[in-house]
Amino acid sequence: MILVVGTLYDEMTELMCARLQQLKFGHIYVDTEKLDLLKFTWSTLEINDYLKVQLKKVYLKDVSGIYCRYVNLKKRSNFPGMLKTESGQIRTEALSALINFVDRSPAVVVNKLRNSFSNESKTFQQITISKAGFMTPKTLVTNCPEQVFEFYRSCNNKIIFKSNSCIRSIVTKFSPKHFKSAGLIKNCPVHFQEMIEGTDVRVHTIRDKVFATAIKSDAVDYRYAGRYRKPVQFCSYKLPEEISNACVQLTKDFGLEISGIDLKQTANGDFYCFEVNPSPGFIAYERMTGQAISKEVAYLLKNDL
Amino acid sequence: MQKTILTIANKNDDFCKHLEHAASKKNLRTINLCPEDFFDKIKVEFNISSGGSHFILKSGKKEIGIENVLAVFPRITNFTGDPKLRNSSNHIYTVSEWNSFYKGWLASLSIPVINLISPEYWQKQNLNPIDLNEFSSKLKLHIPAYIISNDSYDLKNFFLRHKKNVRFVSNSHAKVSYKIDTESDFKKLSHLGKYFPITLHQLPKGISYEVFYVGENTYTIDSQGKLSGAVPKKFMNDIFLISRKTGLRFASFEVVASEKKFFLTSVSMYPCFSRCSKSVVTKILNGLFENYLKI
């Protein structure tokens, strides 16, 4: 039996439920928006530990895999007779209990939250990525505007800036129009990086399987190409074997079952690695290239890989 | 330039006061950076590339470069934020960016960082039985039993099996925990199971000891704060193993000696000396200096 923990408001959770249904793999959907419907016991006694959602019950020893996405998309109503803060605390406590169980389950978990924390710091990841043998761009994290200008000059006036944490930001090219607003960084360090020219390659690893997609776009951040009316094209891509193996190893190094790795290939064939995403939203890549990523994840959850 | 030990801790951190005192005797300077300093006074320059990294922190007229720092003692897991921004929409973002910088910066340092905790434990201050259970098959020490459940029958069964002596622990707020040792307390608690799963830990009865881990040395402290030999040496390998796996270089382990077994009930990743006598504090700090600063 497979557990899918998430909300159908999230398209990745919806995709995985649909894929498991299509493959006729038994699964229970645990709606993180309705944790009051969940009943479970997990203990060191282990004899009768179970999870039940409405009429569907599974003994935890029979769970082969858990797919989880902890996203917060919906505005929630309060529990009857309770304040917003009380309702929020109850939801946090219930979700934390569930995460505690999922993170320590002996089943295949895609991916354990505790193994995903490295993504909270791009600079932390960069150090690990660099140790794994990948090239990484020159980076400056600072709240000193004067340092930014110096870094800008040292990188031949070609740098980008983005968030250093896992909070999503649009990767933006730093240009003279930003000089005036650079003073704002005094309140918060910003992640500046030399701009690497080349082709974006997104790699999805599922244990030893690798799906790579080359993205052709003039946009600095191809995820937002539409916003800047720039065309974007996705196509399947065959990675050199050593890069493919390095991606698999990097995923293992971070303790992950699957990952979404952001690479850039330069004109002279070098691969730079930027980030390892522990909760990859691969739906767009699957749709645009026809790669069977969700199917592979489903087999992993069934413990058939 | 005088060699420096850098601590990152709240202003009233007792450990830092002891460390400062011991360091001054060895002609070392200590600088403490409070979380508030990061939002107000500190300028950071943190360069990183495939070739290595360097940093400079500037606080007022003070400038701290890596070349003068012997070791860093981070004593906080996460910055909670600039109080001035707490009600602003930028609050979550700035806190997240400062924490992100902090984690990356600590990991980049080539000097001893005590402790450089593995990412899996970034959100924790203490390891409880649920966290410790993953090591249990390799340990000689026993880990207390636990249950997470909203099934009143299973909770009651656990409560009775452990002789009505358990601890309720919140899953989302580590500091919230209550001893549950009466039927009426249990009844009140089990009502909450309507709203969220309840976590209970077995509470072993016995004498409690604190074992400080410093490099290859351990110091066992009894309830009077004095050195003790009550925890047998054969258990110290368990302490080394857990420290290695979690990235701990300095930690304190709570061990309970019950009638027949020794239990490991918790691990503090930010130890303090509240239970220790003065001579024990000196011994442990000297151990830290010898092991990690080679002085």
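Residues numbered from 1 in each chain as written. Chains lettered and ligands numbered in written order. Predicted model: local features only at pLDDT ≥ 70, side-chain atom pairs only at ≥ 80, totals over all residues.

Draft legend 1. The arrangement of the overall build of chain A in detail. Looking only at helices and strands, chain A features seven helices and 16 strands. Scaling as 2.2 N^0.38, a compact globule of 305 residues should have a C-alpha radius of gyration of about 19 Å, and chain A matches this with 21 Å. Scored against the burial criterion, the 305 residues of chain A give a buried share of 39%. Taking all contacts inside chain A whose residues are at least 6 apart in sequence as the whole, residues at least 24 apart take part in 66%. (Helix = DSSP H or I, 4+ residues; strand = E, 2+ residues; numbered from the N terminus. Rg over C-alpha atoms; globule rule 2.2 N^0.38 Å. Buried ≥ 20, exposed ≤ 12 C-beta atoms within 10 Å, placed from the backbone. Contact = placed C-beta atoms within 7 Å.)

Draft legend 2. Here's a closer look at the confidence of the model for chain B. Chain-level pLDDT for chain B is 89 on average; 96% of the residues reach the 70-or-more range. Prediction confidence for the complex, expressed as pTM and ipTM, is 0.92 and 0.89 respectively. (pLDDT = per-residue confidence, 0-100.)

Draft legend 3. How the structure looks around the interface of chain A and chain B. Residue-level contacts link 44 residues of chain A with 43 residues of chain B. Elements with a minimum of two residues in the side of chain A that touches chain B: β3 (38–43), α2 (84–103), α3 (122–131) and β8 (139–142) of chain A. A per-element tally of the side of chain A that touches chain B places α2 of chain A first, with eight residues. A class-by-class count of the residues in the side of chain A that touches chain B yields 16 nonpolar, 21 polar and seven charged. When β3 of chain A meets strand β8 (residues 146–149) of chain B, the two strands line up antiparallel, connected through three bridges. Residue T41 of chain A lies in a different strand from β8 of chain B, and its bridge partner there is S149 of chain B. (Nonpolar A, V, L, I, M, F, W, Y, C, P; charged D, E, K, R; others polar. Pairing = 2+ DSSP bridges.)

Draft legend 4. Up close: unusual backbone geometry. Residues and elements named next belong to chain A. Each neighbour pair has its own omega, and for V110 with N111 the value is -20°, a cis peptide bond. Along the polypeptide, N111 turns up in the loop between β7 (108–110) and α3. Look at N156: it is not a glycine, yet its phi comes out positive at around 55°. Looking at the element boundaries, N156 is found in the loop between α4 (145–154) and β9 (159–162). A residue is classified by how many C-beta atoms lie within 10 Å of it, and N156, with 9 of them, is exposed.

Draft legend 5. Examining the environment of S236 of chain A more closely. All names here are of chain A. Tracing the backbone through its elements, the reader meets S236 in strand β14 (residues 232–237). Residue classification places S236 among the partly exposed residues on the basis of 13 C-beta atoms within 10 Å. Put simply, S236 and V203 are 33 residues apart on the chain and 9.9 Å apart in space, counted from C-alpha to C-alpha. Beyond its immediate chain neighbours, meaning those up to four positions away, S236 contacts T213, T289 and Q291.

Draft legend 6. Quick peek at the pairing of strand β5 (residues 56–59) of chain A. All names here are of chain A. As paired elements, strand β4 (residues 50–53) and β5 share four bridges and run antiparallel to each other. Across the sheet, residue Y50 finds its bridge partner in β5, namely Y59. Here β4 hands over to β5 after two residues, with Q54 in that stretch at a positive phi of 50°.

Draft legend 7. Molecular detail of helix α8 (residues 278–293) of chain B. Residue and element names in this part refer to chain B. Compared with an ideal rise of 1.5 Å per residue, which puts 16 residues at 22 Å, α8 spans 21 Å between its outermost C-alpha atoms and is within 8% of the ideal. Regarding α8, the residues found buried are V280, I284, L285, L288 and F289. Those residues of α8 hidden inside the fold are in contact with α1 (14–25), β12 (207–214), β13 (217–221) and β14 (250–257). Immediately downstream of α8, the backbone of K294 shows phi near 55°, a positive value. (Expected span 1.5 Å × (residues − 1).)

Draft legend 8. Geometry of the sheet that holds β7 of chain A. All names here are of chain A. The parallel open sheet is built from four strands, whose spatial order is β2-β1-β6-β7. Lying at the two open borders of the sheet, with one neighbouring strand each, are β2 (27–31) and β7. Taking the axes of each pair of neighbouring strands and ignoring which way they run, one obtains an average angle of 15° across the sheet. Two elements, strand β1 (residues 2–6) and β2, share five bridges in a ladder whose sense is parallel. Among the inter-strand pairings, L3 is bridged to a residue of β2, identified as I28. Here helix α1 (residues 11–22) sits on the sheet and contacts β1, β2 and β6 (65–68); the angle it forms with β1, its principal contact strand, is near 160°. (Axes fitted to C-alpha atoms, helices over the stretch in contact; angles between N-to-C directions.)

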